[in-house]
Amino acid sequence: DQQVKQNSPSLSVQEGRISILNCDYTNSMFDYFLWYKKYPAEGPTFLISISSIKDKNEDGRFTVFLNKSAKHLSLHIVPSQPGDSAVYFCAASGRDGNKLVFGAGTILRVKS
Amino acid sequence: DVKVTQSSRYLVKRTGEKVFLECVQDMDHENMFWYRQDPGLGLRLIYFSYDVKMKEKGDIPEGYSVSREKKERFSLILESASTNQTSMYLCASSLPRGGAEKLFFGSGTQLSVL
């Protein structure tokens, strides 16, 4: 049973518009959430994270929102650029902090 | 620049072969991990290690074993490869708690078992 779910396998967005990627989790013990980006033939790279004590974290064009009551987080990319086209993985960790549980990923295509 | 290096980018093996996937990190990280990535399933944890000669099972350890004789090296072993082990294998490393967000991944090994 997947504890971290990304229900949209793919998303297509026009360059300059907002991309919103969603993620749901089921385990209430998760207290740290992360987004990773993966290009073809490369390993995933860390993008942005958020602790459960916050509801928003921003880093340049990337913002992650956390809604603990709904067990939902989202990644906003504004404005979207063609170089953002990649697979985005949502991940979560519990109090032991060392293991990450990943979602299935969402393929983002930004069209120019 | 930090680096996690996986020895092979592509591997083709036959059913029943013993397969070794090697991973080396140069960041002096205590934690090392092996994941496999499959379409629609994301990254699933096979095994991990918090220290030399230490290993713990992840979510899908069946059919795999690991070895960590040195801090920088973490090997994944498929004792008898099967076709359902065809996958992208990703090695990662991190610091202990407080550094979990900084999982550094290798480029991956695409393994095909025929």
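Right above here is the structure, for reference.
Just so it is clear, the model here is predicted, and its values are computed rather than measured.

So, how was this worked out
Residues numbered from 1 in each chain as written. Chains lettered and ligands numbered in written order. Predicted model: local features only at pLDDT ≥ 70, side-chain atom pairs only at ≥ 80, totals over all residues. Heavy atoms only, no water. Helix = DSSP H or I, 4+ residues; strand = E, 2+ residues; numbered from the N terminus. Rg over C-alpha atoms; globule rule 2.2 N^0.38 Å. Buried < 20%, exposed > 50% of the residue type's maximum accessible area, 1.4 Å probe, protein only. Core = buried A, V, L, I, M, F, W, Y, C linked by side-chain atoms within 4.5 Å. Contact = heavy atoms within 4.5 Å. Buried area = accessible area lost by both parts, 1.4 Å probe. Salt bridge = Lys/Arg side-chain N within 4 Å of Asp/Glu carboxyl O. Polar contact = N/O pair within 3.5 Å; in protein donor to acceptor, adjacent residues only side chain to side chain. Pairing = 2+ DSSP bridges. Phe/Tyr/Trp six-rings, centres within 6.5 Å; stacked < 30°, edge-to-face > 60°.

Draft legend 1. Representation of the overall build of chain A within the structure. Looking only at helices and strands, chain A has zero helices and eleven strands in total. Along its sequence from the N terminus, chain A presents helices and strands in the succession β-β-β-β-β-β-β-β-β-β-β. Its C-alpha atoms give chain A a radius of gyration of 13 Å, within 12% of the compact-globule value 13 Å for 112 residues. By principal-axis analysis of the C-alpha atoms, chain A measures approximately 40 × 30 × 20 Å. The buried share of chain A, reckoned over its 112 residues, is 46%.

Draft legend 2. Fine view of the nonpolar core. Core analysis: the biggest nonpolar cluster contains 24 residues, and Phe33, Trp35, Leu73, Leu75 and Tyr88 of chain A have the highest contact counts within it. Those elements that place two or more of their residues in this core are β3 (19–25), β4 (32–38), β5 (45–51), β7 (62–67), β8 (72–77), β9 (86–93) and β11 (106–111) of chain A. Considering every element that reaches this core, the biggest residue donor is β9 of chain A, with four residues. Excluding its chain neighbours within four sequence positions, the residues that come into contact with Phe33 of chain A are Tyr25, Ile48, Ser49, Ile50, Ser52, Leu66, Leu73, Ala91 and Ala92 of chain A. Grouped together as the second largest cluster of nonpolar side chains are 21 residues, Tyr47, Ala81, Tyr89 and Cys91 of chain B included.

Draft legend 3. Seen up close, the environment of Gly58 of chain B. All names here are of chain B. Relative to the helices and strands, Gly58 is located in the loop between β7 (56–57) and β8 (64–70). Overall, Gly58 belongs to the buried group, its relative accessible area being 18%. Apart from residues lying up to four places away in sequence, Gly58 is in contact with Leu45, Ile46, Tyr47 and Phe48.

Draft legend 4. View of the interface of chain A and chain B. Counting residues at the interface gives 23 residues for chain A, matched by 23 residues for chain B. Of the roughly 1800 Å² buried where chain A meets chain B, counting both sides, 54% is carbon and sulfur surface. Our count for the contact surface shared by chain A and chain B stands at zero salt bridges. There are four residue pairs in polar contact (both at pLDDT 80 or more) connecting chain A and chain B.

Draft legend 5. Region of interest: the sheet that holds β7 of chain A. Residue and element names in this part refer to chain A. Strand order in the open sheet formed by five strands is β1-β3-β8-β7-β6, and the pairing between neighbours is antiparallel. Strand pairing shows two members of the sheet lacking a second neighbour, β1 (4–5) and β6 (56–59), which therefore form its edges. Pairing of β6 with β7, which is carried by four bridges, proceeds in the antiparallel orientation. By the bridge assignment for β7, Lys56 is matched with Phe65.

Draft legend 6. How the structure looks around the packing of aromatic side chains. All names here are of chain B. All told, the structure shown has 13 aromatic pairs over all chains when counted by the stated rule. Considering the side-chain rings of Tyr35 and Phe105, the 6.0 Å spacing of their centres and the 50° angle between planes classify their relative orientation as tilted. With Tyr35 in strand β5 (residues 31–38) and Phe105 in strand β11 (residues 104–105), this residue pair connects regions lying 70 residues apart in the sequence. For Phe105, a relative accessible area of 11% puts it in the buried group.

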